[in-house]
Amino acid sequence: FPVTINFTNVPTTDNRVHNFTLILYQGATAYYPSAVQIDGSAQTILWFEGNTPVPVANKTDVVSFSLIRVASAWRVLGSFGTHG
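Residues numbered from 1 in each chain as written. Predicted model: local features only at pLDDT ≥ 70, side-chain atom pairs only at ≥ 80, totals over all residues. Heavy atoms only, no water.

### Digging into unusual backbone geometry
One non-glycine residue with positive phi stands out, namely Asn15, at about 60 degrees. Turning to its location among the elements, Asn15 is positioned in the loop between strand S1 (2-7) and strand S2 (16-25). On the accessibility criterion, Asn15 (60% relative accessible area) is exposed. Despite not being glycine, Asp39 shows a phi value in the positive range, around 50 degrees. Structurally, Asp39 is set in the loop between strand S3 (32-38) and strand S4 (41-43). Exposure remark for Asp39: the relative accessible area of 45% places this residue in the partly exposed category. (Helix = DSSP H or I, 4+ residues; strand = E, 2+ residues; numbered from the N terminus. Buried < 20%, exposed > 50% of the residue type's maximum accessible area, 1.4 Å probe, protein only.)

Okay, structure coming up:
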């Protein structure tokens, strides 16, 4: 089930990286972040190796994001893994 993650109050200083990790303890319905916003502004997620996540019910999914600020613009790198 896709959800949108909105990161707020992220500093906008250029040439900085901000890392976030989401640990999703999945139940019968599995969720994954299909979209990212920074302060309400939509961003493109560049998934590791171009693989869009496939969440797994009743497992633990870990999603990591690196928000990179360069030249007054964001680049969002994402990676996803299932444990258990």
